[in-house]
Amino acid sequence: MQRRDILTLSTLGVIGSAGCLAELEWDRASAPNEDGTDTDIDIDTTGADTVDVRFAGVYAADRDREFIDGEYLVLRNDADDAVDVSGYVVAYPDDRTYRIADLVLESGAQFVLASRDGTDATLQSSPPAYLRYAGFDDELPVLGDGGTVRMRNAAGALVSAVHYQNGGCDGGSVTDDAGDSIECLH
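Residues numbered from 1 in each chain as written. Predicted model: local features only at pLDDT ≥ 70, side-chain atom pairs only at ≥ 80, totals over all residues. Heavy atoms only, no water.

S.K.: Lay out the environment of R116 with the relevant residues and their values.
M.R.: In this fold, R116 is placed in the loop between β7 (110-114) and β8 (121-123). On the basis of relative accessible area, R116 is assigned to the buried category, the value being 13%. A distance of 2.6 Å separates the side chain of R116 from the backbone oxygen of D69, its partner in a polar contact. (Helix = DSSP H or I, 4+ residues; strand = E, 2+ residues; numbered from the N terminus. Buried < 20%, exposed > 50% of the residue type's maximum accessible area, 1.4 Å probe, protein only. Polar contact = N/O pair within 3.5 Å; in protein donor to acceptor, adjacent residues only side chain to side chain.)

S.K.: Give a detailed account of the packing of aromatic side chains, specifying residues and quantitative values.
M.R.: Under the definition given, this model contains two aromatic pairs. Arranged with centres 4.6 Å apart and planes meeting at 10°, the rings of Y59 and Y72 form a pair that is stacked. Of this pair, Y59 sits in strand β1 (residues 53-59) while Y72 sits in strand β2 (residues 72-77), and the two are 13 residues apart along the sequence. This pair shows no difference in class: Y59 is buried, exactly as Y72 is. Seen from their ring centres, Y92 and F136 are 5.3 Å apart, and the 90° between their planes marks the pair as edge-to-face. One end of the pair, Y92, is in the loop between β4 (89-91) and β5 (97-99); the other, F136, is in the loop between β9 (129-133) and β10 (147-152), with 44 residues separating them in the sequence. Relative accessible area serves as the criterion here: at 10%, F136 is assigned to the buried category. Over the face of the ring belonging to F136 we find R96, whose NZ or CZ atom lies 5.8 Å from the ring centre. (Phe/Tyr/Trp six-rings, centres within 6.5 Å; stacked < 30°, edge-to-face > 60°. Lys NZ or Arg CZ within 6 Å of the ring centre and 35° of its normal.)

Here's what the structure looks like:
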């Protein structure tokens, strides 16, 4: 493992345990689709709300930082139980996508998706943090200054979406579809 990867994993533990990313509060049932409707919200008809994996940060600048370098997204499982996100797709503003393969997020676990190439890793903290790389190195920057990032489950239903401006957590703003702000505390 390279020194940079070790530093990244060490810092992920600090991010997860120190609460670097504030909790995202939003009304899941009110999050609209791209066209303003709410028909794609993944609500279990038995009454159990299954929309518990959500974006917790958008770091859109391709720069060196103390925690993770380059542009990346952070998602978190806020459910009380583990959620199998295998097959979920993260869609970037320019229509690039990343399909999550073989991953179960424990309750409270974070999923960090970096745009560049790298070696996937898991920080064995409690809860764990999963670092994955989308492999867009030859096409960076992917996120740009502003846009909307969406995550859909394996069936194609919208699970979470965030809008960001002026670099997102790198100095701008990040809001969910309900208009609630994500506070990025670095």
